[in-house]
Amino acid sequence: MAKTQAGIVGLPNVGKSTLFNALTRSRKAEAANYPFCTIEPNVGVVLVPDERMQKLQAIAGTKVVIPATIDIVDIAGLVAGASKGEGKGNDFLSNIRECDAIIHVVRCFDNDDIVHSMGKVDPIRDIGVIETELILADIQSAEQQLDRNQKKVRSQDKEAIAAVELLSRLVKHLNENEPASTMEVSDDERNRLKAFNLLSSKKVLFACNVSEADLAEPSKNHHVVAVAALIGKRHGCEHVVICAQVEAELCDLTPGEATEFLQSLGVTDSGVSSLIRGAYHLLGLATYFTAGEKEVRAWTFRHGMTAPQCAGVIHTDFEKGFVKAEVVSYEDLAKYGSVAAARDAGRYRLEGKAYLFKDGDVALFRFTD
């Protein structure tokens, strides 16, 4: 399966780079109080938190644990006019186009010491600025694709005819300042829409960046409430609440100290953990495991993948020579405590080529050379 990427976007000074540093537990992206401190996109490999691996490690009796990962790209702050090249807009939009999903950081805190590029804090306005730039870029792209397909229609190309019909509706929809993700389409049209590679059709995870004081009860933050209401009407959009500054501080603490610090703030889990899991879910990803004395490892697959396709995630030869998959669910393995006990209980099974893997499956593949 091809590597997936989620790109962090937002206006300047909303906490993007601070969040990226916390996500990657690094200081690769300079966090400074001025726009465009991140010019070239920073890419970080982020570990996907999964408590199940600790139990699997104990059952397998191994010291080696390799979690699943997701690539996070920190893209420089967008500004109004980006679609026309303002503020390195062309480069930034190109970086977004290469990502599979968008993590849109919106500022939901007030702080006079941190300058907002547009003055007053207003996350709904900020979201509108970013979306408008993506939509304007999509209008250009859609019109160009419409022109190319209209030329093919003359030769009665069936695919071109279908594309022209969809693109014509799409251009009208975009010109109403509506993102492509809100247009009603059939399943077949959704697949075709994906092929157009539009910026505003990408799934979006909104990260509401709040102050430390609002972390325990974000529902009392009127900015967060407004964002939640807005995206509740959007297809393929979700939101999480984080405090980028707190997450940055957690980077310098031991796991025990971090837990104690979070509890003192009235929360039980890191916002970064919630955000990573949210991005993973947004991309339609799931995890299966291999577990043995050598290592316990999490492998990423997309919902709907068959057993051979999941075997191919490990190595293409596994998919080509696939014979069977020995499978037990994580829940059953954790319940019975060993593969042997799960087998005796009738919970260990052989699956063939048509089997669709489920999140949490623990597998051993049989294949021919």
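A quick note: this is a predicted structure, and the numbers were derived from the prediction, not measured. (Residues numbered from 1 in each chain as written. Predicted model: local features only at pLDDT ≥ 70, side-chain atom pairs only at ≥ 80, totals over all residues. Heavy atoms only, no water.)

Time to look at the overall build of the protein. The helix and strand inventory of the protein stands at 14 helices and 12 strands. The burial tally for the protein puts 49% of its 369 residues in the buried class. Within the protein, counting contacts between residues at least 6 apart in sequence, those at least 24 apart form 69% of the total. Surface summary for the protein: the accessible area is close to 18100 Å², and the carbon and sulfur share equals 50%. (Helix = DSSP H or I, 4+ residues; strand = E, 2+ residues; numbered from the N terminus. Buried < 20%, exposed > 50% of the residue type's maximum accessible area, 1.4 Å probe, protein only. Contact = heavy atoms within 4.5 Å. Areas by Shrake-Rupley, 256 points an atom, 1.4 Å probe, with all protein chains shown as cover.)

Okay, the nonpolar core next. Among the nonpolar cores identified, the biggest contains 75 residues, and Leu19, Leu23, Ile72 and Leu275 are the most heavily contacted of them. Residue contributions to this core peak at six residues, all from helix α10 (residues 271-282). Excluding residues within four positions of it along the chain, Leu275 makes contact with Leu19, Leu23, Ile103, Leu205, Ala207, Val240 and Ile242. Residues Ile135, Val164, Phe196 and Leu198 belong to the second largest nonpolar core, which totals 17 residues. (Core = buried A, V, L, I, M, F, W, Y, C linked by side-chain atoms within 4.5 Å.)

Glancing now at the packing of aromatic side chains. Inspection of the entire model under this criterion finds eight aromatic pairs. A ring pair is formed by Phe301 and Phe357, whose centres lie 6.2 Å apart and whose planes are at 80°; its orientation type is edge-to-face. Of the two residues, Phe301 is situated in strand β9 (residues 296-302) and Phe357 in the loop between β11 (349-351) and β12 (361-367); the sequence distance between them amounts to 56 residues. Looking at Phe301, the relative accessible area reads 0%, which means it is buried. Residue class for Phe357 comes out buried when judged on its relative accessible area of 4%. For the ring pair Phe357 and Phe365, a centre distance of 5.8 Å and an interplane angle of 20° mean the geometry is stacked. Summarising the burial analysis for this pair, Phe357 and Phe365 share the class buried. An aromatic cluster of three or more residues is present, and its members are Tyr288, Phe301, Phe322, Tyr355, Phe357 and Phe365. (Phe/Tyr/Trp six-rings, centres within 6.5 Å; stacked < 30°, edge-to-face > 60°.)

Another aspect to go through is the pattern of salt bridges. Scanning all chains against the criterion turns up 14 salt bridges. The salt bridge involving Glu326 is made with Arg366; its shortest N-O contact spans 2.9 Å. In this pair, Glu326 is assigned in strand β10 (residues 322-329) and Arg366 in strand β12, connecting sequence segments 40 residues apart. As a salt-bridge pair, Arg347 and Asp332 come within 3.0 Å of each other at their nearest N and O atoms. (Salt bridge = Lys/Arg side-chain N within 4 Å of Asp/Glu carboxyl O.)

What follows deals with the sheet that holds strand β1 (residues 5-9). Read across the open sheet, the six strands follow the order β2-β4-β1-β5-β6-β7; overall the sheet is mixed. One side of each edge strand has no neighbouring strand; the edge strands of this open sheet are β2 (42-47) and β7 (237-242). In this sheet, neighbouring strand axes are inclined to one another by 25° on average, regardless of whether the strands run parallel or antiparallel. Bridge analysis of β2 against strand β4 (residues 69-74) gives six bridges, and the strand direction is antiparallel. Among the inter-strand pairings, Asn42 is bridged to a residue of β4, identified as Asp74. Against the sheet, helix α1 (residues 16-24) touches β1, β2, β4, β5 (101-107), β6 (203-209) and β7, its axis set at about 40° to β2. (Pairing = 2+ DSSP bridges. Axes fitted to C-alpha atoms, helices over the stretch in contact; angles between N-to-C directions.)

As for its position among the elements, Glu351 is in strand β11. Residue classification places Glu351 among the buried positions, given a relative accessible area of 16%. Side-chain polar atoms of Glu351 contact the side chain of Arg349, separated by 2.7 Å. When near neighbours in sequence (up to four residues on either side) are disregarded, Glu351 contacts Phe322, Lys324, Ala325 and Val327. (Polar contact = N/O pair within 3.5 Å; in protein donor to acceptor, adjacent residues only side chain to side chain.)

Our next topic: unusual backbone geometry. Phi is positive for Gln156, which is not a glycine, with a value near 60°. A positive phi is found at Asn177, a non-glycine position, where the angle reads about 60°. Relative to the helices and strands, Asn177 resides in the loop between α5 (158-175) and α6 (187-195). The class of Asn177 is partly exposed, set by a relative accessible area of 43%.

Take it as geometry only, folks, not as evidence of what the structure does.
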